[in-house]
Amino acid sequence: QVKLVESGGGLVQSGGSLRLSCAASGFLFSRYDMGWFRRQAPGKEREFVAAINWSGGSTDYANSMKGRFTTSRDNAKNTVYLQMNSLKPEDTAVYYCAATYATAWPPPRPYDYWGQGTQVTVSS
């Protein structure tokens, strides 16, 4: 069955870095654009963080993440990454990866598959 499993979250001090990974299985990874989202508190809306197209040749970022976060992928390993630098306390959230079948860029369709999320906590 389809699985997206995030890892790499944890507790880090303000200004620090973390690298999240998302391992995919159960679908043809190289045909899917991948996205990162986060939810900062229960009940708060999930917000877009970054996305990368099926080949890794195109990326998109939320304005507040540009210059600090970088997403990449390794289709041979069915894995997408989110490198987060210069972390701030307001980056504290549960981070999710998601997959959407590649059609146009940026992805116009809702994401098809979601992971369970990984907690990132940034202390001040």
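Residues numbered from 1 in each chain as written. Predicted model: local features only at pLDDT ≥ 70, side-chain atom pairs only at ≥ 80, totals over all residues. Heavy atoms only, no water.

What follows deals with the overall build of the chain. Per the secondary structure count, the chain includes 0 helices and 11 strands. When the helices and strands of the chain are listed from N to C terminus, the series reads β-β-β-β-β-β-β-β-β-β-β. Rg of the C-alpha trace for the chain: 14 Å, near the compact-globule value of 14 Å for 124 residues, within the 12% margin. Projected onto the principal axes, the alpha-carbon positions of the chain cover approximately 40 × 30 × 30 Å. Out of the 124 residues belonging to the chain, those deemed buried represent 40%. A sequence separation of at least 24 residues applies to 57% of the contacts in the chain between residues at least 6 apart. Counting only carbon and sulfur atoms, one obtains 47% of the accessible surface of the chain, whose full area is about 6200 Å². Computed over 13 positive and 9 negative side-chain charges, the separation of the two mean positions in the chain equals 3 Å. (Helix = DSSP H or I, 4+ residues; strand = E, 2+ residues; numbered from the N terminus. Rg over C-alpha atoms; globule rule 2.2 N^0.38 Å. Buried < 20%, exposed > 50% of the residue type's maximum accessible area, 1.4 Å probe, protein only. Contact = heavy atoms within 4.5 Å. Areas by Shrake-Rupley, 256 points an atom, 1.4 Å probe, with all protein chains shown as cover. Lys, Arg positive; Asp, Glu negative; His and termini not counted. Charge placed at Lys NZ, Arg CZ, Asp CG, Glu CD.)

Let's shift gears to the nonpolar core. One finds Leu 82, Met 84 and Tyr 95 to be the most contacted residues of the largest nonpolar core, which totals 28 residues. Of all elements in the fold, only strand E3 (18-25), strand E4 (32-39), strand E5 (47-52), strand E8 (79-84), strand E9 (93-101) and strand E11 (118-123) reach the threshold of two or more residues within this core. Not counting residues up to four positions away in its chain, the partners in contact with Tyr 95 are Glu 6, Leu 20, Phe 37, Arg 38, Val 49, Phe 69, Leu 82, Met 84, Gly 117, Thr 118 and Val 120. (Core = buried A, V, L, I, M, F, W, Y, C linked by side-chain atoms within 4.5 Å.)

Attention now goes to the pattern of salt bridges. Evaluated as defined, the whole model comprises 3 salt bridges. One salt bridge connects Glu 47 with Arg 38, and the closest N-O pair in it is separated by 2.6 Å. The class for Arg 38 is buried, based on a relative accessible area of 5%. In this structure, Arg 38 engages Asp 91 in a salt bridge whose closest nitrogen and oxygen atoms are separated by 2.9 Å. Residue Arg 38 is found in strand E4, and its partner Asp 91 is found in the loop between E8 and E9; the two are separated by 53 residues along the sequence. (Salt bridge = Lys/Arg side-chain N within 4 Å of Asp/Glu carboxyl O.)

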